[in-house]
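Now for the letters of each chain:
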Amino acid sequence: MSGSSSKDPSDKEYVRLVSSDGFEYSILRSAAAVSGTLRGMLSQSSNFVEAKQNRVVLPNISGVLLEKVCEYLYYNLKHQNNPGNIPEFDVPPEMALELLVASDFLDGKDCSIRSE
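Residues numbered from 1 in each chain as written. Predicted model: local features only at pLDDT ≥ 70, side-chain atom pairs only at ≥ 80, totals over all residues. Heavy atoms only, no water.

Some thoughts on the environment of Leu-42
Part 1: Here Leu-42 lies in helix H2 (residues 36–42).
Part 2: Apart from residues no more than four positions distant in its own chain, Leu-42 is found in contact with Val-15, Arg-29, Ala-32, Glu-50, Ala-51, Asn-54, Arg-55 and Val-56. (Helix = DSSP H or I, 4+ residues; strand = E, 2+ residues; numbered from the N terminus. Contact = heavy atoms within 4.5 Å.)

Description of the packing of aromatic side chains
Part 1: On inspection of all chains with the given rule, the structure shows three aromatic pairs.
Part 2: On the numbers, 5.3 Å between centres and 70° between planes, the contact of Tyr-72 with Phe-89 is edge-to-face. Here the residue Tyr-72 occupies a position in helix H4 (residues 63–79), and Phe-89 occupies one in strand S4 (residues 89–91), the gap between them amounting to 17 residues.
Part 3: For Tyr-72, a relative accessible area of 7% puts it in the buried group.
Part 4: On the basis of relative accessibility, which here comes to 7%, the residue Phe-89 falls in the buried class.
Part 5: An aromatic cluster of at least three residues, connected via ring pairs, comprises Tyr-72, Tyr-75 and Phe-89. (Phe/Tyr/Trp six-rings, centres within 6.5 Å; stacked < 30°, edge-to-face > 60°. Buried < 20%, exposed > 50% of the residue type's maximum accessible area, 1.4 Å probe, protein only.)

Describing the sheet that holds strand S1 (residues 14–18)
Within a sheet, each strand pairs with its neighbour through backbone hydrogen bonds, oriented either parallel or antiparallel.
Part 1: The strand order across the open sheet built from three strands is S2-S1-S3, with neighbouring strands paired in mixed fashion. Two strands close off the open sheet at either side, each with one partner strand: strand S2 (24–28) and strand S3 (55–57). Across the sheet, the mean angle from the axis of one strand to that of its neighbour is 25°, orientation sign disregarded.
Part 2: Alignment of S1 against S3, held across three bridges, turns out to be parallel. Across the sheet, residue Val-18 finds its bridge partner in S3, namely Val-57.
Part 3: Running at roughly 5° to S2, H4 makes contact with S1 and S2 of the sheet. (Pairing = 2+ DSSP bridges. Axes fitted to C-alpha atoms, helices over the stretch in contact; angles between N-to-C directions.)

Structural data, given as structure tokens:
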């Protein structure tokens, strides 16, 4: 999930998400597309610089929070076509509010969070 991918970051299959504190996460474009906001920013038909650079800077999301967002994007991608019993996505209580705010910004409509 983090920038340690062996894939070339300029590869169109992957996009880079950059946190407010400079952490970069290279994730599959299909995982990023779970977010309506990211999908729109990265759309090849848009004129956004993010689509041209394959890189999205998220100035209001810290590295720790962005890592959890990336985990959620992959979690959602994994379970999107699963009609069965989908496990809840667990979030540490101290991160729940910030993650809900980030989810709202990123248009993560199907966010099911359980704090433990």
